[in-house]
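# Remarks on the overall topology
Single-letter residue listing:
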Amino acid sequence: MGPLAFVLYTGPLSEVIAAHRHISHMLHADDTQLYVVIKRNHLAGSLSSMEDCVRDIKAWARGNNMILNENKTEVVHIVSQFRKRIESVSLTIDGAVINASKSARDLGVIVDDSLDVKEHIRKVCRAASSGIYRIRKIRKYLNQSSTERLFNALVTSHLDYCNSVLRSTYLPVISLHFSTYRTLLLVLSLVLGSMIASPLSSAICTGC
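Residues numbered from 1 in each chain as written. Predicted model: local features only at pLDDT ≥ 70, side-chain atom pairs only at ≥ 80, totals over all residues. Heavy atoms only, no water.

### Description of unusual backbone geometry
The backbone phi angle of Asn65 is positive, close to 60°, even though this residue is not glycine. Structurally, the position occupied by Asn65 is in the loop between α3 (43-63) and β3 (90-93). In this model, Leu107 sits at a positive phi of 50°, which is unusual for a non-glycine residue. Inspection of the secondary structure assignment puts Leu107 in the loop between β5 (103-106) and β6 (109-112). (Helix = DSSP H or I, 4+ residues; strand = E, 2+ residues; numbered from the N terminus.)

Shown next, in the form of structure tokens:
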């Protein structure tokens, strides 16, 4: 089944979810995300609404020759880092208990349970560092043009992807973010030369 056919086939799923008026949702191809606002005194009711919605989705999927995979279903309870976290959260779907995770991947961005994006920043920096290490291993065999292409593919692509999520990030986390980037820039200057590192440094300073 092609992408367009799949979207048309799963189109009615939005109507199934919309029947639960307290549940919001977003569909990304085969990735379905459900959202519910949990008020401090209405935890049980909010979780019950979410469980009912997931059961209806599972029934709809079964009736359309699809399977809802509980093993790939994740729950993240997002609470401000400045507020005390209430009791632990979990969903029970047909006897299967899904406990809340500390984080989950959302289209390549790691969303954690306090939205401070520290884990996402660490992931990006690890990926960029890995790219720099691989380029360094073969740098002496590359000309400047090939090096720049590899740099854009293995390093810049990670730094640029969804970097807008950092715009509203808590200041100490941003400091961690740019501190790590400065370390990467130092390595870049030593390994790749200033022709690549300098434009990236200017871009990062502009972002500051």
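### Details of the pattern of salt bridges
Applying the stated criterion to the full structure yields three salt bridges. With its nearest N and O atoms 4.0 Å apart, the salt bridge here joins Glu51 to Arg55. Of this pair, Glu51 and Arg55 both sit in helix α3, separated by four residues, roughly a single helical turn. The shortest N-O distance in the salt bridge between Asp52 and Arg55 comes to 3.1 Å. A residue pair is termed a helical-turn pair when its members lie 3 or 4 positions apart in one helix, as Asp52 and Arg55 do in helix α3 at three residues. One salt-bridge network, held together by shared partners, links Glu51, Asp52 and Arg55. (Salt bridge = Lys/Arg side-chain N within 4 Å of Asp/Glu carboxyl O.)

### A few points about the side chain of Lys58
With respect to the helices, strands and loops of the structure, Lys58 is situated in helix α3. Taking relative accessible area as the criterion, Lys58 reaches 15% and is therefore assigned buried. Apart from residues no more than four positions distant in its own chain, Lys58 is found in contact with Leu68, Glu70, Ile93 and Asp94. (Buried < 20%, exposed > 50% of the residue type's maximum accessible area, 1.4 Å probe, protein only. Contact = heavy atoms within 4.5 Å.)

### Focus: the confidence of the model for the protein
Summing up the model confidence of the protein, the mean pLDDT is 76 and the portion of residues at 70 or higher is 77%. Low pLDDT, under 50, characterises residues 194-208; the stretch is placed with 20 contacts to residues that sit more than four places away or in other chains. (pLDDT = per-residue confidence, 0-100.)

### Description of the side chain of Arg139
You can see Arg139 is positioned in the loop between α4 (118-138) and α5 (144-160). Here Arg139 is buried and forms no salt bridge, its nearest opposite-charge partner Glu148 lying at an N-O distance of 8.1 Å. A polar contact is formed between the side chain of Arg139 and the side chain of Gln144, at a distance of 3.3 Å. Within the structure, Arg139 has its side chain in polar contact with the side chain of Thr147 (distance 3.2 Å). (Lys, Arg positive; Asp, Glu negative; His and termini not counted. Polar contact = N/O pair within 3.5 Å; in protein donor to acceptor, adjacent residues only side chain to side chain.)

### Structural notes on the pairing of β3
Two faces make up the sheet, and in a regular strand the side chains alternate between them. What you see with β3 is a clean split: Leu91 and Ile93 sit on the buried side and Ser90 and Thr92 on the side with no burial. Counting the residues that bridge the hairpin from β3 to strand β4 (residues 96-99) gives two residues, and of these Asp94 lies at a positive phi of roughly 50°. (Pairing = 2+ DSSP bridges.)

### A word on the nonpolar core
Nonpolar side chains tend to gather and get buried jointly when the protein is soluble and globular. Of all hydrophobic cores here, the largest spans 17 residues; its most connected members are Leu13 and Ile17. Looking at this core, the elements that each hand over two or more residues are α2 (13-18), α3 and β3. (Core = buried A, V, L, I, M, F, W, Y, C linked by side-chain atoms within 4.5 Å.)

### Observations concerning the environment of Ser103
Summarising the element assignment, Ser103 is placed in strand β5. Distance from Ser103 to His77, taken between C-alpha atoms, is 8.9 Å for residues 26 residues apart in sequence. Beyond its immediate stretch of four places on either side in the chain, Ser103 contacts Glu74, Val76, Ile110, Val111, Asp112 and Glu119. Among the polar contacts made by the side chain of Ser103, one reaches the side chain of Glu119 at a distance of 3.0 Å.

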